[in-house]
Amino acid sequence: MTALHLRRAGMALAAILLLIWSLGPVYWALATSLMKPTDIAASPVNLVPPSITFEHYAKLVGGLFGQPDETGIWRDFLRALGNSLVLAGGATIATTAIAAIAAYAAVRLEFPGRNLVFYMIVATLAVPGYTVLIPLYRMMVGLGWVDTYGGIILIYISAYLPLSMWLMRSVYESLPLSIEEAAFLDGAGRLYTMVRIVMPLALPGLIAAAILTFLGAWGQFAVPLVFAPTAATKPLTVLIPEFATKNYVDYGLINAAGVFAMIPPALVVIFLNRFLLSGLMAGTGK
Amino acid sequence: MTQVQIAQLRKSYGHHEALHGIDIAMESGEFVVLVGPSGCGKSTLLRMIAGLEDVTSGAIAFDGRVMNLVPAKKRDIAMVFQNYALYPHLTVRENMGFSLKLRKVPLPERNARVEAAAESLGLGHLLDRFPRQLSGGQRQRVAMGRAVVREPALFLFDEPLSNLDAKLRVQMRTEIKQMHRKVKATMIYVTHDQVEAMTMGDRIVVMRDGIVEQAGPPIELYDRPANEFVAGFLGSPSMNMLDAVLSADGASAVLGDGSHVALPGHVEGGAGRALRLGLRPEDLLPSETGIPFEIDVIEPTGAETIVMLRNPAILGEGSLCLLLRERLPLAPGQELRIAPKPGAAHLFDPGSGTRIDPVLRSEPLRAAAR
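What counts, and at which threshold
Residues numbered from 1 in each chain as written. Chains lettered and ligands numbered in written order. Predicted model: local features only at pLDDT ≥ 70, side-chain atom pairs only at ≥ 80, totals over all residues. Heavy atoms only, no water. Helix = DSSP H or I, 4+ residues; strand = E, 2+ residues; numbered from the N terminus. Buried < 20%, exposed > 50% of the residue type's maximum accessible area, 1.4 Å probe, protein only. Contact = heavy atoms within 4.5 Å. Axes fitted to C-alpha atoms, helices over the stretch in contact; angles between N-to-C directions. Parallel < 35°, antiparallel > 145°, perpendicular 65-115°, else oblique. Left-handed = near helix turned anticlockwise from the far one by under 90°. Nonpolar A, V, L, I, M, F, W, Y, C, P; charged D, E, K, R; others polar. Polar contact = N/O pair within 3.5 Å; in protein donor to acceptor, adjacent residues only side chain to side chain. 1 Å grid on protein atoms, 1.4 Å probe; cavity = no way out; pocket = protein on both sides within 12 Å on 5 of 7 lines; lining within 4 Å. Points joined across faces, edges and corners; volume = space filled by probe spheres on them. Buried area = accessible area lost by both parts, 1.4 Å probe. Salt bridge = Lys/Arg side-chain N within 4 Å of Asp/Glu carboxyl O. pLDDT = per-residue confidence, 0-100. Patch = residues over 30% accessible without salt bridge, like charges linked within 9 Å, V, L, I, M, F, W, Y side chains within 5 Å. Areas by Shrake-Rupley, 256 points an atom, 1.4 Å probe, with all protein chains shown as cover.

Quick word on the side chain of Glu181(A)
Looking at the element boundaries, Glu181(A) is found in helix 8 (residues 177-185). Overall, the relative accessible area of 6% leaves Glu181(A) in the buried class. When sequence neighbours within four positions are dropped, the list of residues in contact with Glu181(A) reads Arg47(B), Leu52(B) and Phe81(B).

Remarks on the packing of helix 4 (residues 136-149) of chain B against helix 5 (residues 166-183) of chain B
Residue and element names in this part refer to chain B. Contact geometry for helix 4 and helix 5: axes closest at 12 Å, N-to-C directions at 15°. When the axes of helix 4 and helix 5 are compared, the pair comes out roughly parallel. Seen from above, helix 4 lies across helix 5 with right-handed handedness. Contacts between helix 4 and helix 5 involve Gly137, Gln140, Arg141, Met144 and Val148 from the former and Leu168, Gln171, Met172, Glu175, Ile176 and Met179 from the latter. Residues belonging to the contact of helix 4 with helix 5 are distributed by class as follows: six nonpolar, three polar and two charged.

Details of the side chain of Arg47(B)
If you trace the backbone, Arg47(B) turns up in helix 1 (residues 42-50). For Arg47(B), the side chain forms a polar contact with the side chain of Glu53(B), separated by 3.1 Å. Discounting chain neighbours no more than four positions away, the residues touching Arg47(B) are Glu181(A), Leu52(B) and Glu53(B).

Describing the layout of surface pockets
The calculated volume of the largest pocket comes to roughly 720 Å³. What lines the largest pocket is a set of 20 residues, among which Arg108(A), Phe184(A), Arg190(A), Gly51(B) and Leu52(B) lie closest to the centre. For the lining of the largest pocket, the elements supplying multiple residues, two or more each, are helix 4 (73-108) and helix 8 of chain A. Looking at the lining of the largest pocket element by element, the count peaks at three residues for helix 8 of chain A. Considering only residue class, the lining of the largest pocket consists of eight nonpolar, two polar and ten charged.

Structural notes on the interface of chain A and chain B
Contact with chain A, which involves 25 residues of that partner, is made by 27 residues of chain B. Summing both sides of the interface, chain A and chain B together bury roughly 2300 Å²; the carbon and sulfur share of this comes to 61%. At the surface where chain A touches chain B, the tally comes to two salt bridges. Salt-bridge contacts for Asp186(A) lead to Arg150(B); the nearest nitrogen and oxygen are separated by 3.6 Å. Our enumeration of links across chain A and chain B arrives at seven residue pairs in polar contact (both at pLDDT 80 or more). At the level of elements, helix 8 and helix 9 (190-218) of chain A are the ones that each hand at least two residues to the side of chain A that touches chain B. Classifying every residue of the side of chain A that touches chain B gives 14 nonpolar, seven polar and four charged.

Quick look at the confidence of the model for chain B
Averaged over every residue, the pLDDT of chain B is 92; the share at 70 or more is 97%. Across the whole predicted complex the pTM is 0.82, and at the interface the ipTM reaches 0.84.

A closer look at a nonpolar patch on the surface
Taken together, Tyr27(A), Trp28(A), Val45(A), Leu47(A) and Val48(A) make up a surface patch of nonpolar side chains, about 520 Å² in accessible area. In this structure, Val45(A) sits in the loop between helix 2 (37-40) and helix 3 (55-61).

Here's the deal with the pattern of salt bridges
All chains considered together, the criterion is met by 25 salt bridges over all chains. Between Arg208(B) and Glu213(B) there is a salt bridge, with its nearest N and O atoms 3.0 Å apart. The exposure class assigned to Glu213(B) is buried, which follows from its relative accessible area of 15%. With a shortest N-O distance of 3.3 Å, Glu304(B) and Arg325(B) are connected by a salt bridge. One end of the pair, Glu304(B), is in the loop between strand 15 (284-300) and strand 16 (305-310); the other, Arg325(B), is in the loop between strand 17 (320-324) and strand 18 (335-340), and 21 residues separate them in sequence. Ionic contacts of the salt-bridge type, sharing partners, join the residues Glu181(A), Lys11(B), Arg47(B) and Glu53(B) into one network.

This is the structure we're talking about:
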């Protein structure tokens with residue numbers, strides 16, 4: 001064995017460990033969701049399902065296919081899935097759009113206090129969310145926005161906008177100013193230049209901001225726990241733990257719901273990632 | 001075709017003033033080159049003309065109309081940027097047609113104009129490529145094409161050739177001149193390269209530290225530089241500058257070793273007046289009766305030979321540059337006697353750096369004046 005072989009073997013081992021570390025929980029959820037309740041509770045634990053069952057999945061979505069449903073779980077589940085999609089999707093679109101415009105202003109428009117405003121927004125990144133939860137709750141109650149999509153999305157925007165703005169600002173700063181100046185001289189106004197020239201070039205940054213916001217909003221637990229008390233707005237993150245009741249923890253059901261909950265973010269990353277083209281900027285200048 | 005008048009133009013960034021009152025008048029159809037070392041304010045001036053920088057005070061006018069507050073998009077100016085500033089996500093065709101599309105030129109006409117411009121620049125086969133698929137020289141041409149297609153009132157060039165290799169640079173220099181002859185528009189060209197300035201401009205404006213040092217046709221600036229800076233800036237190799245004093249009769253400059261260089265006329269100031277004597281390398285000739293120097297370095301370029309000479313009594317630690325058109329049998333360490341061509345000496349005041357013009361002595365005129 002040469003040093004090179006050793007190095008390769010070491011790297012392979014590290015890769016395998018990393019894979020187990022990151023994919024292990026995903027496998028565990030998938031395996032558990034396919035096991036019968038008796039196999040889940042068996043000792044020693046079953047690493048591989050001794051027999052496959054879809055009963056947990058049936059409980060979640062069986063109602064869709066006309067199966068009798070005594071528990072009513074599937075209605076709650078689909079509602080929560082829809083809520084999660086609306087909340088995370090709405091927050092993503094709004095946050096990315098505001099960040100795109102606000103960060104552009106922070107980079108290219110000159111106005112007094114420009115940097116102060118920007119840094120004050122970004123500084124809110126340092127404020128832990130739980131410290132403002134109570135005052136925020138009182139505000140939202142006062143406004144009658146608790147348990148509304150708009151209210152929760154607004155909180156998500158305030159939570160994820162600073163990061164997106166920060167990201168977008170560095171994206172805009174990396175774009176050569178002369179491209180925009182060329183557009184002005186070609187007869188384009190500020191808005192036209194921004195939409196037709198700047199945005200296409202900033203697209204990778206926008207996609208990255210959208211992915212970060214979506215993943216953050218999708219996994220958000222504390223905010224909806226407080227602000228989404230009823231089925232009207234309750235997302236999956238709050239619903240799934242409710243499957244664990246005082247008397248019985250339905251591991252199979254929890255994990256089946258968890259597997260469903262993994263799908264949208266995975267799709268978002270896979271789909272949007274295709275637009276994260278590298279080298280889009282190549283060929284602008286010299 | 002646009003006349004450009006610039007009057008007492010100033011630009012400040014906070015407390016720092018970058019331009020200190022610039023006055024230039026450009027004729028319609030003229031090719032004006034703004035040249036100077038980096039930081040002289042030439043690019044700032046160009047960007048102010050384009051409308052990309054605000055005017056602090058003074059005025060910029062096109063055909064008599066003050067443009068200070070007219071936004072860039074309404075000035076009808078095309079600009080070629082140093083880094084070309086092509087739109088990376090648009091094809092060559094879309095890049096060149098962008099301004100026409102904004103002006104709502106119908107598609108068939110737009111295509112016709114883009115194709116005509118592309119053809120004349122040798123870009124016809126590249127119209128559907130993206131900038132990233134082009135070489136540096138091709139991108140440069142697209143940037144020019146984007147300007148030409150518009151048929152603007154005024155063309156601005158901001159060091160457009162500085163990213164090209166030497167050979168391409170010479171070729172593009174010619175093409176830009178040809179383009180100027182063809183479109184006959186007013187063009188303002190910024191460069192730090194004095195060769196580009198000399199070869200391209202109808203008129204050169206030499207700038208330094210935010211002021212205009214001298215403006216005029218290239219040969220005039222070369223032959224009669226207004227001050228020591230312009231004298232040293234134009235010409236390559238640059239003009240030799242020697243410390244000298246005026247002779248008692250005011251008709252020659254006395255060098256450090258006591259030798260005399262005849263002046264083209266009479267200079268006031270009396271014996272011992274300190275002078276800066278400027279001699280262009282090509283105005284120095286080997287001569288049996290000339291001033292002795294020691295050959296330090298010989299640099300043959302084929303067409304001509306550059307010889308660096310030393311003589312501590314005259315030059316101190318410095319050296320004198322000589323440009324020879326013929327090939328002489330020379331070797332480092334040899335003595336070489338040289339003499340300036342008659343009338344070739346330039347004189348400058350050591351304090352202010354301004355040119356001193358010797359007065360031609362004419363006895364009959366003097367008598368008449370008496």
